[in-house]
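If you want the building blocks of each chain, they are given just below.
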Amino acid sequence: MRVLEDLPTPCVLIEESRMEANLELMAIKADGVRLRPHTKTHKSVALAKRQQFHGAVGITVAKVSEAEIFVQNGFDDVRIAYTVVGEQQLKRLADLSNQARLSFCIDTKEGAHLASSVLGEAGVSIDVLLEIDTGYGRCGIPYNSNEVMELALELNELEGLRLCGILTHEGDAYSHGALNAFEVMAQTRDRMLDVAVRLAEAHCAETTTFEISMGSTPSINVFENNSKGGFRITEVRPGNYIFNDLTQVALGVCSLDACALTVLSTVVSHHRTSRGTERFILDSGRKVLTSDSVGDKPGYGCILYNPRTRVAHPHTRITGLSEEHGWCEVRGGGTFSVGDRVQIVPNHACVVVNMMDKIFLMDESNVLSEIPVDARGCVI
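Rules and cut-offs
Residues numbered from 1 in each chain as written. Predicted model: local features only at pLDDT ≥ 70, side-chain atom pairs only at ≥ 80, totals over all residues. Heavy atoms only, no water. Helix = DSSP H or I, 4+ residues; strand = E, 2+ residues; numbered from the N terminus. Rg over C-alpha atoms; globule rule 2.2 N^0.38 Å. Contact = heavy atoms within 4.5 Å. Lys, Arg positive; Asp, Glu negative; His and termini not counted. Charge placed at Lys NZ, Arg CZ, Asp CG, Glu CD. Buried < 20%, exposed > 50% of the residue type's maximum accessible area, 1.4 Å probe, protein only. Phe/Tyr/Trp six-rings, centres within 6.5 Å; stacked < 30°, edge-to-face > 60°. Expected span 1.5 Å × (residues − 1). Axes fitted to C-alpha atoms, helices over the stretch in contact; angles between N-to-C directions. Parallel < 35°, antiparallel > 145°, perpendicular 65-115°, else oblique. Left-handed = near helix turned anticlockwise from the far one by under 90°. Nonpolar A, V, L, I, M, F, W, Y, C, P; charged D, E, K, R; others polar. Pairing = 2+ DSSP bridges. Right-handed = clockwise from strand over helix to strand, strands pointing away. Salt bridge = Lys/Arg side-chain N within 4 Å of Asp/Glu carboxyl O.

Draft legend 1. Layout of the overall build of the protein chain. What the protein chain contains, in helices and strands, is 11 helices and 21 strands. Relative to a compact globule of 380 residues, whose C-alpha radius of gyration would be 21 Å, the protein chain shows 22 Å and is just as compact. Along the first, second and third principal axes, the C-alpha atoms of the protein chain reach 70 × 40 × 35 Å. A sequence separation of at least 24 residues applies to 68% of the contacts in the protein chain between residues at least 6 apart. Distance from the positive charge centre (36 side chains) to the negative charge centre (49 side chains) of the protein chain: 5 Å.

See below:
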């Protein structure tokens, strides 16, 4: 069996017991609704199967190419939480629909008519969800707009499309603004239920079959369901929870101890600076650690002093990133030497994994297995 010292750097490590604890906890939090995890975090068939073992029903992806990978590996209920536009992508969806139950998002009349034209010509009918903007301001029809009803009625007349529900991503749960995660969750939930009731009044939704989907790790961490007009939230789509990262720590979703993913990196350079600090350089730059920030907090990851207990290294910061280098600084004297290895909890785990061909599943010091990142680079 290989040990940590056998691995080349930079590489990504997943501590199995921490990951399993995260999966078990989310299964509890999602009690009463379908858990449809977003696989963009890990892009791995093996890890999606672990999520299924812990109660997941179906999976979520972002792109058609990701859906193809998972369907090819036996997943039969795949939701593309994205507005699919483009004749090539829609034709691939049509081909894929013969192998699995697929669904995707629509939020414009133009997108609906394009999808209908391609899917109708292919002789297939695919489930679609209206994407609703409940306050985040990215894609989606504003929750309080008459366009919701207008597009729903139009979808019911279009060939190749079956309106099965509504979907939102409450990305504002990641902000450090006036609302906290619970308030964002409750506001999102109630706005989605309001939309469902209005759609029912327009004879576009049935309480027994209509799907109402929301998702983000911070909001689902504090999820509470509610009922209005016979409707309830039917599914949640968290993604990051399987690993967690510094963003989740900063939001209060979890502690550093619950961060299952780390980047193993090597010190490749070390110098004293004129400011009385020590600068050392890691072999992990923005291509590995990502330049995503955590709110207004400085730094690009947390170097661990004790990886086993997830204790942060004092006085040490990753101050900058170039493509292949991580710039680090220690106030006063440091203990780092060229050749030393460190483990880093990254700011954003989802971006890190997408740059890897494989990740290493670990116990405290042994490599248990190599896990392929099957959907790496699937961006179309």
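Now that the structure is up, let's keep going.
Draft legend 2. Up close: helix H3 (residues 64-72). Extensive coverage of H3 is indicated by the burial of 8 of its 9 residues. When H3 is considered as a whole, its buried residues turn out to be Val64, Ser65, Glu66, Ala67, Glu68, Ile69, Phe70 and Val71. The secondary structure elements touched by the buried residues of H3 are helix H2 (45-53), strand E3 (59-61), strand E4 (77-83), helix H4 (87-96) and strand E5 (101-106). Just downstream of H3, glycine 74 is the residue with a positive phi angle, here 95°.

Draft legend 3. Geometry of unusual backbone geometry. Here the residue pair threonine 9 and proline 10 is connected by a cis peptide bond, since its omega of 0° sits within 30 degrees of zero. Take proline 10: it is sitting in the segment before strand E1 (11-15). Even without glycine at this site, histidine 203 takes up a positive phi of about 60°. Mapped onto the elements, histidine 203 comes out in the loop between helix H7 (181-201) and strand E9 (211-214). In this structure histidine 203 comes out as exposed when scored by relative accessible area, which is 72%.

Draft legend 4. Broad picture of the packing of aromatic side chains. Going through the model one piece at a time under the given rule, you end up with 3 aromatic pairs. Judged by centre distance (5.5 Å) and plane angle (85°), the rings of phenylalanine 70 and phenylalanine 75 are edge-to-face. Here phenylalanine 280 and phenylalanine 336 contribute two aromatic rings whose centre-to-centre distance is 4.3 Å and whose plane-to-plane angle is 25°, an arrangement assigned as stacked. Here phenylalanine 280 is found in strand E14 (residues 277-282), whereas its partner phenylalanine 336 is found in the loop between strand E18 (326-331) and strand E19 (341-345), with 56 residues between them in sequence.

Draft legend 5. Structural view of helix H1 (residues 16-29). A rise of 1.5 Å per residue sets the reference length of H1, with its 14 residues, at 20 Å; its end C-alpha atoms lie 20 Å apart and thus fit the reference within 8%. Within H1 the residues assigned to the buried category are Arg18, Met19, Glu20, Asn22, Leu23 and Met26. Where H1 is buried, its residues contact E1, strand E2 (34-35), H2, helix H8 (217-220) and strand E20 (358-362).

Draft legend 6. Examining the environment of leucine 368 more closely. With respect to the helices, strands and loops of the structure, leucine 368 is situated in strand E21 (residues 367-372). A relative accessible area of 35% means that leucine 368 is categorised as partly exposed. Separated by 350 residues in sequence, leucine 368 and arginine 18 place their C-alpha atoms 14 Å apart. Sequence-distant contacts of leucine 368, that is, excluding residues within four places in its chain, are made with Met1, Glu16, Leu361, Met362 and Asp363.

Draft legend 7. Quick peek at the packing of H4 against helix H5 (residues 109-122). Close contact between H4 and H5 brings their axes to 9 Å; oriented N to C, the two are set at 40°. Compared by their axis directions, H4 and H5 come out oblique. Read as a crossing pair, H4 and H5 show a hand that is right-handed. Together, Glu87, Leu90, Lys91 and Ala94 of H4 and Leu114, Ala115, Val118, Leu119 and Ala122 of H5 make up the contact between the two elements. Within the contact of H4 with H5, the residues separate by chemical class into 7 nonpolar, no polar and 2 charged.

Draft legend 8. Spatial organisation of the pairing of E4. In terms of residue burial, E4 counts as a mostly covered element, since 6 of its 7 residues are buried. Pairing analysis gives 3 bridges linking E3 to E4, with the strands arranged parallel. Its bridge partner being in E4, threonine 60 is matched across the sheet by arginine 79. After leaving E3, the chain enters H3 and then returns to the sheet as E4, a path that is right-handed. Sheet analysis places E4 next to E5, joined by 5 bridges and oriented parallel. Its bridge partner lying in E5, aspartate 77 is registered against arginine 101.

Draft legend 9. Spatial organisation of the pattern of salt bridges. Going through the model one piece at a time under the given rule, you end up with 25 salt bridges. Here glutamate 370 and arginine 2 are joined by a salt bridge, their closest N and O atoms 2.4 Å apart. In this pair, glutamate 370 sits in strand E21 while arginine 2 sits in the segment before E1, placing the two residues 368 residues apart along the sequence. Taking the relative accessible area as the measure of exposure, glutamate 370 reaches 37% and is therefore partly exposed.

Draft legend 10. The side chain of threonine 39, seen in detail. Here threonine 39 shows up in the loop between E2 and H2. Those residues in contact with threonine 39 that sit more than four places away from it in its chain are Ala48, Gln51, Ile59, Thr60, Val61 and Phe70.

Draft legend 11. Representation of the side chain of serine 103 in the model. On the secondary structure map, serine 103 appears in strand E5. Given the relative accessible area of 1%, serine 103 is considered buried. Setting aside residues no more than four positions away along its own chain, serine 103 makes contact with Val78, Arg79, Ile80, Ile126, Asp127 and Leu129.

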